[in-house]
Amino acid sequence: MAGLGDATRGRLLFGGDYNPEQWPAEVWQEDVRLMKEAGVNLATVGVFSWATIEPRPGAREFGWLDTVLGLLHDAGVGVALATPTASPPPWLGARHPETLPRDETGAIVWYGSRNQFCASSPVYRDYARRITEDLAARYGDHPALRVWHINNEYCTSCWCDETARHFRRWLRERHGTLDALNEAWGTAFWSQRYDAWDEIIPPRRAQYLNNPAQLLDFRRFTSDALLECFTAERDIVAAHSPHVPVTTNFMPLFAGQDGWRWAAEEDVVSVDIYPEPAAGFGDPAGPAYGALVQDLTRSQARGPWMLMEQAASAVNFRPVNVPKPAGVTRLWSLQAVARGADAVCFFQWRQSRQGSEKFHSAMLPHAGERSHGFRRIADLGAELDALSPVVGADVPADIAVLHDWSAWWASGQPGRPSAELDHAALLGAWHHALWRRNLTTDLAHPEADLSRYRMVVIPQLYLLTDAALDNIVAFVANGGTLVCGFFTGVADADDRVREGGVDARLRRVLGLDIVHEWSPLPAGTTVRLSDGTAGTLWSEDLSPAGAHTVAAYAEGELAGRPAITRAEHGAGTAWYLSTLPEPDALAELLADAAATAGVAPVLPGLPEGVEAVRRGTLLFLLNHRPEPVTARLPAPATDLLTGAHHEEEVILDRLGAAVLRS
């Protein structure tokens, strides 16, 4: 099977989306010249080119693409060639309105933008198959081809009648019989029992709340329906060029796809990252969010991965789109490499003059090659070329943060104890706490092999399967350290609340007898704890059964009751947090738990906001602070970015970085 190494060939990939169909042919020569100047060695071509290749049904206009691929190859620029199926041309929707998606109310989602297709439509799938087949037959052996890029940011959902038929087939395969489906969905509630398969429809707009188990299965189905589209195109291009790896670009921490299932079907895992923090670029939420997405993508890939898109400067989708300060694009690109990326790419190469994204920044901005923006891109290309020793190297991690899309989907539905409970926000808060202390983490599915980790962290997994629970129990019993957040292990795979409210196996590991009642906190409120810190978002009335109270509630109805506990189970230790500690307290608690588990920071003693990551034999130091800092080194080292040798310490400029080899 082809892999990312077949594309990198020992060099970090650097480039971006290239849309030559938006420009006259005389511009293409200039593009190639400037790509060479900037050190670009990969261009993603054809993502939104369906209407250019097939301007009317059955037509094929490949001449322009022949020219573009030839120009790029002659310039030494490889190609990630995209199947253009993310954005069908207007003629498909006009001639075949059954290919257009419908929303929950039954209204048609019309063409005129992008992603206007129903993943269940046989007509859409047939046209997508045909153009993919012809593209692969023509270019499968092209010398410029490095990667196949299928579709783009799969994100559509549909509730049409064709989707309903597909959903029923999917449900038959999952549940087998109607009796089993009725049991799984709890249809005795509100008299919702189904007597025939044809009665089942997608969870369209209803008078009141939809059945949560039906909603959960529909989220799973939608992810799988889109995955069927991906694998169909993947198999076509792989048949023509088995030596070329295949990918599709994930959106960052996106709820619409089960990323674990999707990653298993890709040769290369790639992602788009746009961490423009609402509070501005001095907000540490930006690089912390980037680190979370990068760690997740590396974990999905089980090794190196591709940063397929990022912004060179400003984006266009916020109410106010400020440019990135000088140094941020470089710093965040190096952060991606530190956390496992073997490709650093952008949307897009040349900034568009027309269309909805004409004010989204690009490697080559409207201001042209003399602009500060292009010069920074060219400087970045030169630096990345010096980091070839990192290609293919691993990022070691002794901590795993558990994450699961089914748990995310189930916990985000209405009718829960608190609408303030947000799976992605909690995941981000816990990962941010570990990131602040330079504790490198993987992310893992709760059923994955956890034996290689010293510590496992569960920010919040409302839904856990029996296999996942047994896996977590075994991890602790065999000597691992578990830190578990509230409202975890409450429901089974069908969103059925487990007996006792929290699974008995998990309660035994945590040393808890009963969780009497969940008591979510109103938005913006806190509760004081006995250790002088405060909890947010949630609280619980619980009774220990062997667990030691680390901190108790110090006020309110739960005053004196345990808030944070620690218990021994088998050869391991399990912590339970029935509230969300404020950020400093959470970081301190997780650092203490890690130290007890034998996990040390990558480089102790760094100031807040200075990130340290080891990748292979290299140490990356990244200064996210607005002023210079001095970092003490564990051994003399040479900075690959500057060639400078450092004996005991290195000075990192504002938004500066060093990549050190001892």
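My aim in this report is to walk through the structure given alongside it, one point at a time. (Residues numbered from 1 in each chain as written. Predicted model: local features only at pLDDT ≥ 70, side-chain atom pairs only at ≥ 80, totals over all residues. Heavy atoms only, no water.)

### Some details on the side chain of Gln351
Tracing the backbone through its elements, the reader meets Gln351 in the loop between β9 (341-346) and α13 (372-385). Overall, the relative accessible area of 8% leaves Gln351 in the buried class. Among the polar contacts listed, one links the side chain of Gln351 to the backbone oxygen of Lys358, at a separation of 3.4 Å. Looking at Gln351, its side chain comes within polar contact range of the main-chain oxygen of His360, at 3.1 Å. With residues up to four places along the chain from it excluded, the contact list for Gln351 reads Trp23, Lys358, Phe359, His360, Ser361, Ala362, Leu364, Pro365 and His366. (Helix = DSSP H or I, 4+ residues; strand = E, 2+ residues; numbered from the N terminus. Buried < 20%, exposed > 50% of the residue type's maximum accessible area, 1.4 Å probe, protein only. Polar contact = N/O pair within 3.5 Å; in protein donor to acceptor, adjacent residues only side chain to side chain. Contact = heavy atoms within 4.5 Å.)

### Re the sheet that holds strand β28 (residues 657-661)
Pairing within the open sheet is antiparallel, and its five strands lie in the order β22-β23-β28-β25-β26. With partners counted over all chains shown, the strands left at the sheet margins are β22 (610-615) and β26 (645-646), one partner each. In this structure, strand β23 (residues 618-623) lies alongside β28, joined through five bridges in antiparallel fashion. Bridging across to β28, Leu619 finds its partner in Leu660. (Pairing = 2+ DSSP bridges.)

### As for the sheet that holds strand β15 (residues 526-528)
Within the open sheet, the three strands sit side by side as β15-β16-β21. Their pairing is antiparallel. Only two strands of the sheet have a single neighbouring strand rather than two, namely β15 and β21 (580-581). Judged from the three bridges that link them, β15 and strand β16 (residues 534-536) form a sheet pairing that is antiparallel. Within β16, the position partnered with Val527 by the bridge is Gly535.

### As for the pairing of strand β3 (residues 78-82)
Within β3, five of the five residues are buried, which leaves the element mostly enclosed by the surrounding structure. Burial along β3 is two-sided: the face carrying Gly78, Ala80 and Ala82 and the face carrying Val79 and Leu81 are both buried. The sheet contact formed by strand β2 (residues 42-45) and β3 spans four bridges and is parallel. Counted as the bridge partner of Thr44 is Ala80 from β3. As defined by bridge partners, β3 adjoins strand β4 (residues 145-149) across four bridges and the pair is classed as parallel. Each residue of the ladder has a partner; that of Val79, found in β4, is Leu145.

### Some remarks on the nonpolar core
Core analysis: the biggest nonpolar cluster contains 106 residues, and Leu65, Leu72 and Leu387 have the highest contact counts within it. Not counting chain neighbours up to four residues away, the residues in contact with Leu387 comprise Leu12, Leu334, Phe620, Leu640, Leu641 and Val659. Counting residues in hydrophobic clusters, the runner-up holds 77 residues, among them Trp260, Leu521, Leu537 and Ala574. (Core = buried A, V, L, I, M, F, W, Y, C linked by side-chain atoms within 4.5 Å.)

### Focus: the packing of helix α11 (residues 285-301) against helix α15 (residues 423-436)
Between two packed helices, what matters for the description is the angle formed by their axes and the separation of those axes. Contact geometry of α11 with α15 gives a least axis separation of 9 Å together with a crossing angle of 100°. Relative to α15, α11 is oriented roughly perpendicular. Note on element contacts: α15 touches α11 through Leu427, Gly428, His431, His432 and Trp435, opposite Pro287, Ala288, Ala291, Leu292 and Asp295. (Axes fitted to C-alpha atoms, helices over the stretch in contact; angles between N-to-C directions. Parallel < 35°, antiparallel > 145°, perpendicular 65-115°, else oblique.)

### Quick word on the environment of Ala7
One can find Ala7 in helix α1 (residues 4-8). Under the relative-accessibility criterion, Ala7 is labelled buried at 0%. Taking C-alpha positions, Ala7 is 30 Å from His372, a pair spaced 365 residues apart along the chain. Those residues within four positions of Ala7 in sequence are excluded, and the remaining contacts are Leu13, Arg146, Val147 and Pro245.

### A few points about the environment of His516
You can see His516 is positioned in strand β14 (residues 512-518). It is 16 Å that separates the C-alpha atoms of His516 and Gly546, two residues lying 30 residues apart in sequence. Beyond its immediate chain neighbours, meaning those up to four positions away, His516 contacts Asp541, Leu542, Ser543 and Arg561.

### Some points on the packing of aromatic side chains
On inspection of all chains with the given rule, the structure shows 27 aromatic pairs. Aromatic side chains Trp110 and Tyr111 sit 6.3 Å apart centroid to centroid with 75° between the ring planes, which places their arrangement in the edge-to-face category. For the pair Trp260 and Trp405, a centre-to-centre distance of 6.2 Å together with 85° between the ring planes defines the contact as edge-to-face. On the criterion of sequence distance, the pair formed by Trp260 in helix α10 (residues 259-263) and Trp405 in helix α14 (residues 405-411) is long-range, its members being 145 residues apart. Grouping residues by exposure puts Trp260 and Trp405 together as buried. Put simply, the rings of Trp159, Phe167, Trp170, Trp185, Tyr194, Phe218 and Phe221 pair up and form one aromatic cluster. (Phe/Tyr/Trp six-rings, centres within 6.5 Å; stacked < 30°, edge-to-face > 60°.)

### Quick look at helix α9 (residues 212-240)
The end-to-end C-alpha distance of α9 is 43 Å, a good match for the 42 Å that 29 residues give at a rise of 1.5 Å each. Within α9, 21 of the 29 residues are buried, which leaves the element mostly enclosed by the surrounding structure. Put simply, Asn211 is the residue that caps the front of α9, since its side-chain oxygen is 2.9 Å from the backbone nitrogen of Ala213. (Expected span 1.5 Å × (residues − 1).)

### Regarding the state of the cysteines
Within the structure shown, the criterion is met by zero disulfides. Here Cys158 stays free of any disulfide, with the sulfur of Cys160 as its closest cysteine sulfur at 3.4 Å. Taking relative accessible area as the criterion, Cys158 reaches 6% and is therefore assigned buried. (Disulfide = S-S within 2.5 Å.)

### Description of α11
With 17 residues, α11 extends 24 Å from end C-alpha to end C-alpha; this agrees with the ideal 24 Å at 1.5 Å per step. Extensive coverage of α11 is indicated by the burial of 14 of its 17 residues. Two residues or fewer past α11, Arg302 is found with a positive phi of approximately 55°.

### Examining the pattern of salt bridges
On inspection of all chains with the given rule, the structure shows 44 salt bridges. Among the salt bridges present, the one from Arg350 reaches Asp31, with a minimum N-O distance of 2.8 Å. Placement of the pair is Arg350 in the loop between β9 and α13 and Asp31 in helix α2 (residues 25-38), with a sequence separation of 319 residues. Summarising the burial analysis for this pair, Arg350 and Asp31 share the class buried. Its salt-bridge partner being Arg220, residue Asp217 comes within 3.1 Å of it at the nearest N-O pair. In this pair, Asp217 and Arg220 are both assigned in helix α9, three residues apart and thus about one turn of the helix distant. Arg220 matches Asp217 in its accessibility class, with the two residues each being buried. What emerges from the salt-bridge pattern is a single network uniting Asp295, Arg298, Arg339, Asp442, Arg452 and Glu611. (Salt bridge = Lys/Arg side-chain N within 4 Å of Asp/Glu carboxyl O.)

### Description of the pairing of strand β24 (residues 629-632)
Burial along β24 is one-sided: the residues Val629 and Ala631 are buried and none of Thr630 and Arg632 is. As paired strands, β24 and strand β27 (residues 649-652) are joined by four bridges and run antiparallel to one another. Residue pairing in the sheet places Thr630 in a bridge with Ile651 of β27.

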